[in-house]
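Descriptive analysis of the structure
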Amino acid sequence: MNLNKEEKLQLFKNYNIYGLTAEKFSNGRSNIEVVKAMLEGGIKIIQYREKYKSLKEKYEECMQIRQLTKQYGALLIVNDHVDLCQMVGADGVHLGQEDFPAKEVRKILGEDFIIGVTTHTKEQVEKAVEDGADYIGLGPVFQSFTKDKPHPSIGLEMVSWAAKNCKIPFVAIGGIKEHNLKDVLEAGAKCVSLVTEIVGSDDISKKIKRLWDIIKEFERS
């Protein structure tokens, strides 16, 4: 993908879907199968998040996904692993609250890589901005069970606050489904992530099309 960093970050500022891998919830399909379906459905941001595999397996999967994202003109963000992000030539890394600080990771990766940070509170949002994050993941908006120790939901009020006050793009995530997607958009989110709603769908292509239809209808309204 021959885009500069600002052009890549524009994807987070537009109305967009942010895709994540979650093989545990993918109905027996591999991460590679699911990512290909997401890319074919027009998703332009993919985060590789995999908690239950060896580093070698993660590396091998990421290499395959990196080739797919290049083929489809999409971004690849690697969850947690700064070294894996570098090794596979990803576009960026996403850090949790228990990971290395964004400002220290920036010293390693430099300015060309995208750094995202998971946030749950106003204070964490402000800290991520201060530390030089390029975007934040904001959630869980609604109750979510994709993590072993889920964080309490933050609600639509927090999404509205971020839309008005956050100085960098944010991705709304956590418990977002087809039936409540419009509520999240109305609260001010532009870039949204629907994890199990997509990877756990019987027909990923049809699901993504319905999600795009909701987003496009909202944009026109």
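In this text the structure is predicted, and so the values were computed from the model without any measurement. (Residues numbered from 1 in each chain as written. Predicted model: local features only at pLDDT ≥ 70, side-chain atom pairs only at ≥ 80, totals over all residues. Heavy atoms only, no water.)

Some words on the sheet that holds strand S6 (residues 135-138)
As summarised here, the arrangement of the 8 strands in space is S1-S2-S3-S4-S5-S6-S7-S8, forming a closed barrel in which the pairing is parallel. Between one strand and the next, the sheet's axes are offset by a mean angle of 25 degrees, whatever the strand orientation. In this sheet, strand S5 (residues 114-119) lies alongside strand S4 (residues 92-95) in parallel orientation, the contact comprising 4 bridges. What sits directly across from Val 93, in S5, is Ile 115. (Pairing = 2+ DSSP bridges. Helix = DSSP H or I, 4+ residues; strand = E, 2+ residues; numbered from the N terminus. Axes fitted to C-alpha atoms, helices over the stretch in contact; angles between N-to-C directions.)

Here we look at the UniProt feature "binding site: Mg(2+)" (unreviewed entry) in the chain
Feature annotation in UniProt assigns "binding site: Mg(2+)" (unreviewed entry) to the following positions: Asp 80 and Asp 99. Sequence-wise these annotated residues cover 20 residues; spatially they are packed, their C-alpha atoms never more than 6.7 Å apart. With respect to the helices and strands, Asp 80 occurs in the loop between strand S3 (75-79) and helix H4 (82-88). Not counting the four nearest positions on each side in its chain, Asp 80 is found in contact with Lys 51, Val 93, His 94, Leu 95, Gly 96 and Asp 99. For Asp 80, the side chain forms a polar contact with the side chain of Asn 79, separated by 3.1 Å. For Asp 99, the position within the fold is in the loop between S4 and helix H5 (102-109). Among the residues examined, Asp 99 registers a relative accessible area of 27% and is labelled partly exposed. Excluding residues within four positions of it along the chain, Asp 99 makes contact with Asp 80 and His 94. Polar contacts involving the side chain of Asp 99 include one to the main-chain amide nitrogen of Gly 96, which spans 2.6 Å. (UniProt positions renumbered as here; feature names shortened; annotations may be inferred. Contact = heavy atoms within 4.5 Å. Polar contact = N/O pair within 3.5 Å; in protein donor to acceptor, adjacent residues only side chain to side chain. Buried < 20%, exposed > 50% of the residue type's maximum accessible area, 1.4 Å probe, protein only.)

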